[in-house]
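Close look at the chain arrangement
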Amino acid sequence: MKNALTVTLLALAISGCAITERKNQGKLDTSLVQGNTLEAITLAKEKAGLDEKTNQLSDQLWGMQAGSLLRMNKDYTESNRYFDSIEDVMFMEDTEGVLESTGELIGSTITNDAMLDYEQTYYDSVMVNTYKALNFISIGDRDNARVEWNRSDERQRRAADYFAKKINKQKEQLEGKDEATSKNLNKSLLESEKVVAQHNFTSTEWQAYDGYINPFSTFMHGLFFMLNAQDNSDLNKAIDSLNRVAAITQTKVSAETLKLAEELQKGTSNLAGLNKVWVVFENGRAVKKEELRIDLPLFLVSDNVAYTGIALPRLKELPAPYDSLKVGDVKTEVVGDMDKIIQAEFKEEFPVILTKEISRTLIKTVAQKQINDQNPLLGLGAGLLQAISTQADTRTWSMLPKNFQAAVVDAPAQGKLTLSLGEKTTPIDVDIPAGKNAIVYVKATTATALPIVDVISL
Amino acid sequence: MKNKILTATLIGATLMSGCQSTSYVPKDSKEIVTMGLSHRDFDDAANQALNEIIASPLLVHPQAAQGGRYIMAISNVVNDTAQRIDTDQLTKKIRVGLLQSGKFITTTAIGLNGAEDEMTAKVRELQNSKLVNQATVKQNGTVISPDFSLSGKIIQRTNKIDRSSQLVDYYFQLTLTQLETGLAYWEGEYPISKRGSNDSVTW
């Protein structure tokens with residue numbers, strides 16, 4: 001009886017992590033729908049646990065959420081303090097030694113992925129540097145913005161390298177038979193893949209942007225180097241980036257911006273004479289992860305086990321609060337579909353998540369059977385432990401938008417630009433400083449909360 | 001089974017938590033090399049630049065023997081790397097060396113984004129002060145305009161070599177422009193290459 005109690009307590013402790021995490025995510029969502037950014041900031045800061053003295057974070061994911069929320073609140077310096085502290089965590093994750101990852105693997109074998117440290121995705125890392133650069137632009141620190149754009153560009157290069165390498169590796173594995181893998185795992189994988197296939201965890205329609213780039217980040221990189229060009233090599237950088245975005249997104253805004261950059265390079269126009277306004281629109285909230293539990297026809301399953309099943313993360317799209325933003329007569333176009341980027345990366349990572357979950361289930365089920373053979377009551381407890389500890393990792397950087405849109409228009413003669421999010425909403429008048437180029441940054445997280453507008457003159 | 005897992009986890013945890021102590025690194029030590037730019041890289045680039053500027057026949061003041069010195073203003077050194085660098089570190093080293101060589105004097109009253117030391121302008125505000133002995137107040141029209149301007153750029157190029165290593169090339173580019181004619185009287189480029197692990201980013 002004592003043993004059964006221990007097992008139950010252990011199970012509850014293990015299940016606690018993921019449940020608390022989801023509860024906090026729910027609280028954050030509610031605050032955002034109510035437009036209560038300050039409440040959301042308090043929650044995110046508390047969960048992130050940034051040490052004031054060492055600038056070390058205790059939770060990376062909440063650090064990113066806090067960085068985003070502080071940015072929404074126009075507290076750019078504080079936002080960058082959070083984003084900066086994430087660089088350290090990302091470096092640690094990247095350079096994590098074999099011992100540490102083995103330790104984590106052992107840990108996750110008896111529990112689940114949701115209990116491990118948050119593993120940053122490639123799109124996370126690109127967006128951390130992108131937001132940092134945008135924050136620096138907002139506070140007028142162009143030197144540091146340049147550094148962050150160079151970083152985001154480097155992160156993009158690393159992402160392309162990683163996925164190219166990964167795809168090659170998978171091809172090699174498919175071609176050569178790996179006899180070292182246990183027969184049970186292989187059989188179970190084959191069987192479970194059939195079941196998994198019925199649940200549409202990934203889709204053939206999910207395709208990455210060419211070269212796994214995040215074209216929004218590349219677009220803003222190009223725009224920055226164009227509007228802050230110190231020399232010809234900066235203009236070359238701008239043209240390179242804008243060229244890629246124009247080819248990939250086929251948008252008017254990227255083609256027009258590219259044309260402006262080319263004219264600057266030819267010397268047929270100059271920055272002071274451009275008089276343009278770029279309107280950038282962050283629309284809605286990115287695709288999120290939800291848990292789907294399925295019972296599996298595991299090869300090893302016998303009558304002597306109380307529970308076996310797997311829990312996997314599945315992507316769920318959220319509706320866009322707005323179609324686009326109208327700037328006078330011009331509509332913004334999508335220059336970066338965050339959902340598409342997340343789906344493509346998830347599709348690449350899913351086989352690993354699945355294999356890990358199945359091997360974990362196999363180990364747990366074998367243990368459960370062995371315990372059950374010796375003591376049926378304890379076996380039941382082990383079954384309970386397994387059932388509760390089977391949980392999917394559904395953590396995502398939920399503050400990312402569904403998509404990034406942009407438009408470019410002439411600076412208004414009267415210094416006022418009118419933005420409209422559709423007939424149901426009141427138009428927003430924005431003051432544009434005369435005689436300068438400007439970026440108007442608009443973020444609309446939900447249809448219920450007021451959009452946040454920031455004007456940056458360059 | 002459970003005990004084994006627990007033991008393995010504990011051993012793992014113990015091995016992971018190493019301990020580190022603080023120690024001095026000798027100035028010219030080549031033991032510690034970072035993928036990012038360090039003090040040594042700035043020193044190397046600045047020393048090379050200094051030697052070249054001092055040796056350049058174009059940069060000899062006509063009255064050098066009588067104590068004639070060129071005046072140099074510090075313009076912009078663009079940091080186009082992925083690291084947060086204080087570019088003053090580079091120019092400072094060059095300024096100090098040039099001053100010691102007796103070829104250039106740097107003006108702190110004139111800079112691209114205003115004066116480096118605003119005191120030169122500030123003390124002239126004392127011209128109406130009843131408190132200050134007016135004979136000691138610095139007069140207008142005495143600040144010397146620069147003859148040369150030092151500008152530059154630090155560039156970073158990162159390339160993957162193979163699965164585990166990457167090559168980072170840094171270029172220190174510096175230019176001395178003669179302000180009368182707008183001509184670059186001296187230019188220097190100092191590349192530094194570092195090879196290291198491809199596990200993470202270079203900053």
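Now for the overall build of chain A. Helix and strand counts for chain A come out as 14 helices and eleven strands. With 458 residues in all, chain A has 51% of them scored as buried. Restricting the contact set of chain A to residue pairs at least 6 apart, pairs at least 24 apart contribute 76%. In the structure as shown, chain A presents an accessible area of about 20900 Å², 52% of it carried by carbon and sulfur atoms.

For the rest of this paragraph, the subject is the packing of helix α2 (residues 39–55) of chain B against helix α3 (residues 88–101) of chain B. Residue and element names in this part refer to chain B. Close contact between α2 and α3 brings their axes to 9 Å; oriented N to C, the two are set at 35°. In this structure, α2 crosses over α3, and the sense of that crossing is right-handed. Along its contact with α2, which presents F42, D43, A45, A46, N47, A49, L50, I53 and I54, the element α3 presents Q89, L90, K93, I94, G97, L98 and S101. Of the residues contributing to the contact of α2 with α3, the split by class is ten nonpolar, four polar and two charged.

Relative to the 16 Å expected for twelve residues at 1.5 Å per residue, helix α2 (residues 37–48) of chain A spans 16 Å between its end C-alpha atoms, a close match to the ideal helical length. Trailing α2 of chain A by a residue or two, G49 of chain A shows a phi angle of about 55°, which is positive.

Glancing now at the packing of aromatic side chains. Residues and elements named next belong to chain A. Applying the stated rule across the entire model yields 17 aromatic pairs over all chains. Between F224 and F225 the ring centres are 5.3 Å apart and the planes differ by 85°, which places this aromatic pair in the edge-to-face class. Comparing F224 with F225, the two get one shared label, buried. Among the aromatic residues, ring-to-ring pairing joins Y122, Y162, F163 and Y212 into one connected group. In this structure, R71 packs its charged tip against the face of Y441, placed 4.7 Å from the ring centre. One residue, K340, lies across the ring of Y209, its end atom 4.9 Å from the ring centre.

Here we take up the sheet that holds strand β1 (residues 276–283) of chain A. Where strands meet in a sheet, backbone hydrogen bonds hold them as pairs that are either parallel or antiparallel. Residue and element names in this part refer to chain A. One open sheet holds the five strands; their spatial order is β6-β7-β1-β10-β11, and the pairing between them is mixed. Whereas interior strands pair on both sides, the edge strands pair on one side only; in this sheet they are β6 (333–337) and β11 (452–457). Across the sheet, the mean angle separating the axes of adjacent strands is 20° when strand polarity is ignored. Pairing analysis gives four bridges linking β6 to strand β7 (residues 403–410), with the strands arranged antiparallel. For D337, the partnering residue across the bridge sits in β7 and is N403. Here helix α9 (residues 215–227) sits on the sheet in contact with β1, β6, β7 and β10 (438–444), set at roughly 155° to β1.

Attention now goes to the environment of A18 of chain A. All names here are of chain A. Within the fold, A18 resides in helix α1 (residues 2–33). The exposure class assigned to A18 is buried, which follows from its relative accessible area of 4%. In the structure, A18 is positioned 377 residues away from R395 in sequence and 8.9 Å away in space, judged by C-alpha atoms. Other than its neighbours up to four places away in sequence, A18 contacts A114 and Q391.

Turning to the interface of chain A and chain B, a few remarks are in order. Many analyses report the size of an interface as the accessible area lost when the parts associate. If you look at the interface, chain A gives 33 residues, while chain B gives 25 residues. Across the chain A to chain B interface the summed buried area is about 2600 Å²; carbon plus sulfur atoms make up 53%. Inspection of the region where chain A meets chain B yields seven salt bridges. The residue K160 of chain B makes a salt bridge to D161 of chain A at a minimum N-O spacing of 3.9 Å. Taken together, the connections running from chain A to chain B amount to 15 residue pairs in polar contact (both at pLDDT 80 or more). Among the elements that take part in the side of chain A that touches chain B, helix α7 (residues 142–175) of chain A stands out by supplying 14 residues, more than any other. Among the residues forming the side of chain A that touches chain B, the class breakdown is eight nonpolar, six polar and 19 charged.

Generally speaking, soluble globular proteins have nonpolar side chains that are buried together. Grouped together as the largest cluster of nonpolar side chains are 86 residues, with contacts concentrated most on M226, W278 and W397 of chain A. In terms of nonpolar packing, the next biggest core, distinct from the first, is built from 29 residues, A45, Y70, F104 and W186 of chain B among them.

All names here are of chain A. For the structure shown, the criterion picks out 37 salt bridges over all chains. Across the salt bridge formed by E52 and R81, the nearest N and O atoms sit 3.4 Å from each other. Taken together, the residues E52 in the loop between α2 and α3 (60–72) and R81 in helix α4 (residues 76–94) connect sequence positions 29 residues apart. In this structure E52 comes out as exposed when scored by relative accessible area, which is 58%.

For the rest of this paragraph, the subject is α2 of chain B. All names here are of chain B. For α2, with 17 residues, the first-to-last C-alpha span of 24 Å sits near the 24 Å given by 1.5 Å per residue. Listing the buried residues of α2 in full gives D41, F42, A45, A46, A49, L50 and I53. Take α2 and look down its axis: the buried residues cluster within an arc of 160°, on one side only. Structural note: α2 exposes N51 and A55 on the side pointing more than 90 degrees away from its buried face. On its buried face, α2 sits against α3, β2 (104–106), β3 (148–160), β4 (165–178) and β5 (183–197).

In this model, chain A carries an average pLDDT of 87, and 88% of its residues clear a pLDDT of 70 or more. pLDDT under 50 marks residues 177–181 of chain A. Its contacts with residues more than four places away, or in other chains, come to two contacts.

Turning our eyes to something else, we now look at the sheet that holds β3 of chain B. All names here are of chain B. What the five strands build is an open sheet, ordered β2-β1-β3-β4-β5; its pairing is mixed. Of all strands in the sheet, those with a lone pairing partner are β2 and β5, marking the two edges. The sheet shows a mean angle of 30° between the axes of neighbouring strands, direction not considered. Both strand β1 (residues 70–80) and β3 contribute to a ladder of seven bridges, which runs parallel. In the sheet register, D80 faces β3, and the bridge partner there is I155.

How each quantity is defined
- Residues numbered from 1 in each chain as written.
- Chains lettered and ligands numbered in written order.
- Predicted model: local features only at pLDDT ≥ 70, side-chain atom pairs only at ≥ 80, totals over all residues.
- Heavy atoms only, no water.
- Helix = DSSP H or I, 4+ residues; strand = E, 2+ residues; numbered from the N terminus.
- Buried < 20%, exposed > 50% of the residue type's maximum accessible area, 1.4 Å probe, protein only.
- Contact = heavy atoms within 4.5 Å.
- Areas by Shrake-Rupley, 256 points an atom, 1.4 Å probe, with all protein chains shown as cover.
- Axes fitted to C-alpha atoms, helices over the stretch in contact; angles between N-to-C directions.
- Left-handed = near helix turned anticlockwise from the far one by under 90°.
- Nonpolar A, V, L, I, M, F, W, Y, C, P; charged D, E, K, R; others polar.
- Expected span 1.5 Å × (residues − 1).
- Phe/Tyr/Trp six-rings, centres within 6.5 Å; stacked < 30°, edge-to-face > 60°.
- Lys NZ or Arg CZ within 6 Å of the ring centre and 35° of its normal.
- Pairing = 2+ DSSP bridges.
- Buried area = accessible area lost by both parts, 1.4 Å probe.
- Salt bridge = Lys/Arg side-chain N within 4 Å of Asp/Glu carboxyl O.
- Polar contact = N/O pair within 3.5 Å; in protein donor to acceptor, adjacent residues only side chain to side chain.
- Core = buried A, V, L, I, M, F, W, Y, C linked by side-chain atoms within 4.5 Å.
- Arc of directions from axis to C-beta.
- pLDDT = per-residue confidence, 0-100.

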